[in-house]
Amino acid sequence: MLMLQIWLVQALLYLTTESIGDLLEPCGVIHPESPLIESGSNFTALCVLKEKCIDYFNANASYIIWKTNHLPVPKEQYTIINRTTSSVTFTNVGLLNVLLTCNILTFGQIEQNVYGVLVRSGLPPEKPKNLDCMVKEGMNMMCHWDPGRETYLETNFTVKSEWATEEFADCRAKPDTNSCTVDYYPVYFVNIEIWVEALNALGKVASDHINFDPIDKVKPNPPSNLSVINSEELSSILKLTWINPNIKSVMELKYDIRYRTKDASTWSQIPPEDTTSTRSSFTVQDLNPFTEYVFKIRCMKDDGKGFWSEWSEDASGITYEAKPSKAPSFWYKISPSHTHGYRSVQLIWKTLPPFEANGKILDYEVTLRWKSHLRNYTVNDTKLTVNLTNDPYIATLTARNRVGKSDASVLTIPTYDFKGKLEESKCYLITVTPVYANGPGSPESVKAYLKQAPPSKGPTVRTKKVGKNEAVLEWDQLPVDVQNGFIRNYTIFYRTIIGNETAVNVDSSHTEYTLSSLTSDTLYMVRMTAYTDEGGKDGPEFTFTTPKFAQGEIEAIVVPVCLAFLLTTLLGVLFCFNKRDLIKKHIWPNVPDPSKSHIAQWSPHTPPRHNFDSKDQMYSDGNFTDVSVVEIEANDKKPFPEDLKSLDLFKKEKISTEGHSSGIGGSSCMSSSRPSISSSDENESAQNTSSTVQYSTVVHSGYRHQVPSVQVFSRSESTQPLLDSEERPEDLQLVENVDSNDGVLPRQQYFKQNCSQPETSTDISHFERSNHVSSGNEEDFVKQQQISDHISQAYGFEQMKMFQEVTTADGFGPETEGQVERFKPGGMEAAIDEGMPKSYLPQTVRQGGYMPQ
């Protein structure tokens, strides 16, 4: 024992000496020396002993003991790394702030502290949220935010701000505060970017950046000098006036106005839409007369951006007076009088409450009427005592303030010896008014009957609305004088003509009832009975008929049918449109249009004599003139000069009608159809024929004095009805008559082409133009002379001259340079020019007919 004590003393002396001699060299050390760990993580500490301590104390790492706040740590958390080092591990460290010490058992007996550290734990900062800034009028901008969870560590918040081209000084928040006021004055109408950074020993994080114009973050000063003014013209309004804050010069304002009566605790608000523009006054309406109101006001930017100012100081005002809105409650009290024939009557009334008085009541006016007498009293109190005779009186009472009088209360004072006789079946209103020491109380009234009876008259029912299976009935309440009692209920009876009657009970408070489950298109008879406690009385019977169809039911049937009909019609129209060609073929067959005939496209330019393969090549220009037909028939019965007159008349007619479309080809170059000139009495129209024209002769004059090279015969494409001459080929005897030298020409046609040539040229003798025929065409000219000789023998010289004038006009064209005119009389070339190929060509027509065109 003594030796143990000696060792302990030596150990203590050593440690003390060691400590005093060299404070910087402890016996051991803990790593890490200042641990800061995140809550919820694992932590390991190492204790390293020095060799001299191990040798002196005869100890190693297995002798180390770990403690937290002087409490031993379980040895399961220890780990011996080597003879000098021991570790301790803490898992899922919670929130703590403890002293961790490393201790050693010296000489295996005494526990001695080697080293100690303070272990702290916490959390990294969260991302700041809800960052916002506010610019108080006349002050710098202040920003505030939500810091998030508690970190249990010292955390610093810094507000950073910048323009697009410039950074501002940082604003560091004070500890334990979540706001910071920047050192610079904000610039309005220039956007600024703001964000907050949070920093502690475990991490750093920044908030979202916000970008705004400082004018949208203004909190203006409240309006000042609020005052309230009433109006003598209107007792229900008060006008507020105030002075706006200085910020009004840079932005528009809107306002929030609240008010209440002086004794009320809740505030009323002016509708916000009424105060959305900058102003310095506002009139509050719909207030009670002669009532004191308290007001306050605040303002903000008119578009709702920014913050409301603080409330202004309260201001109060009283509305102007109005005449009393109600007559005072009025009653009387009768007492015996010492004067015979008189009685003492005390009239009593209640003071009007302020919301009915609408001002200060100055006095009351009482008027008494009896027989033909009238007496007025002006009273400043709420009662009046007068001596009245035993006659009945009528008393009226009005209250008066500065504006006017109230309505009058009327009170009837009966005669002194009145003995009321109550009638049965009559309703009486009994009113009881309590009278207290300080005045009367609230009256209570009740209706009563001395004795009830059935109603004198039943209710009259009528229909309000009638449907297919229901009907709404309505009626009026019975007048009081015919009720004869309290109506307890109504009973409705309804039936059909052949059905049973049905009864329905209805409460007396109702004036309407709906009958359901009715049959459509049925006559119903309805009556109603009103019941009192003593019985009922039927009203008149009423009839109505339910409709066959409900409302909208007919529309529900008609509309689909109409839609189906419309759809069918549309489909039919579409079908007819798609099949229009087939329908037209069966109903409206095509009628040929002469204007679309190929003759309208014939050209004066002709191909070689025997080349008839292509009509398009033959008449490429499509220019063709109309063909005029002149028919002269020899008649022994009439003198020949009249025929010449007819021919001359025909020329005049042609000149007068020049320029009209002929209708044959639709060309503007063709004239209208003209009748044939004939001395015959028969006038048959070629339009009565039923055949079609198969061939036609194209006879044309030259264009601009050019001579046509050949006379063209072409098959016509027209479906025009045949002329009589085509249906009677036996009449085609022109050539035979000429060859046989009979001397008589039954019919002669003259063709005149008049397009592109002046009409005045028709009077020039074409026979004279024949004198210019060149020697190369003398053979043709001899043939023409032979024909002329035949004609001269039958008609004489004058007729022959006319014949030559007309035929040569068609046979000759103007001579052009390098060309020779050829004389080709129309209608006889087949007989004269034997060198030309023969072709079937009808050349004659019956009397009154037209030449085929």
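Scroll up to find the structure this text is about.
Residues numbered from 1 in each chain as written. Predicted model: local features only at pLDDT ≥ 70, side-chain atom pairs only at ≥ 80, totals over all residues. Heavy atoms only, no water.

## Quick word on the state of the cysteines
For the structure shown, the criterion picks out four disulfides. Sulfur-sulfur distance for the disulfide between C27 and C53 comes to 1.6 Å. Highlighted residues: C27 in the loop between α1 (2-21) and β1 (28-31) and C53 in helix α2 (residues 51-57), separated in sequence by 26 residues. Take C27 and C53: they sit in the same class, and that class is buried. Between the sulfur of C47 and that of C102 lies a disulfide, 1.9 Å long from S to S. Judged by the torsion about the S-S bond (-85°), the C47/C102 disulfide is left-handed. (Disulfide = S-S within 2.5 Å. Helix = DSSP H or I, 4+ residues; strand = E, 2+ residues; numbered from the N terminus. Buried < 20%, exposed > 50% of the residue type's maximum accessible area, 1.4 Å probe, protein only.)

## Here's the deal with the side chain of T151
For T151, the location among the structural elements is in the loop between β11 (141-146) and β12 (156-162). The exposure class of T151 is buried, given its relative accessible area of 5%. Once residues within four sequence positions are removed from consideration, T151 is found in contact with G122, L123, P124, P125 and N200. (Contact = heavy atoms within 4.5 Å.)

## Details of the pattern of salt bridges
Following the criterion strictly, the structure yields 25 salt bridges and no others. E474 is the partner of R462 in a salt bridge, and the nearest nitrogen-oxygen pair spans 3.4 Å. Of this pair, R462 sits in strand β37 (residues 461-466) while E474 sits in strand β38 (residues 471-475), and the two are twelve residues apart along the sequence. With a relative accessible area of 33%, R462 lands in the partly exposed category. Among the residues examined, E474 registers a relative accessible area of 21% and is labelled partly exposed. Through salt bridges with shared partners, a single network forms among D216, K301 and D303. (Salt bridge = Lys/Arg side-chain N within 4 Å of Asp/Glu carboxyl O.)

## Observations regarding the sheet that holds β11
An order of β14-β11-β10-β18 is seen for the four strands of this open sheet, with the pairing classed as mixed. The outermost strands of the open sheet, each flanked by one partner alone, are β14 (179-181) and β18 (218-219). (Pairing = 2+ DSSP bridges.)

## Here's the deal with the sheet that holds strand β30 (residues 383-389)
Pairing within the open sheet is antiparallel, and its three strands lie in the order β26-β27-β30. In the strand order of this sheet, the two ends are held by β26 (330-336) and β30, each with one partner. If you compare each strand with its neighbour and ignore which way they point, the axes differ by 25° on average. Bridge count between strand β27 (residues 342-349) and β30: seven bridges; the pairing is antiparallel. Each residue of the ladder has a partner; that of Q346, found in β30, is T385. (Axes fitted to C-alpha atoms, helices over the stretch in contact; angles between N-to-C directions.)

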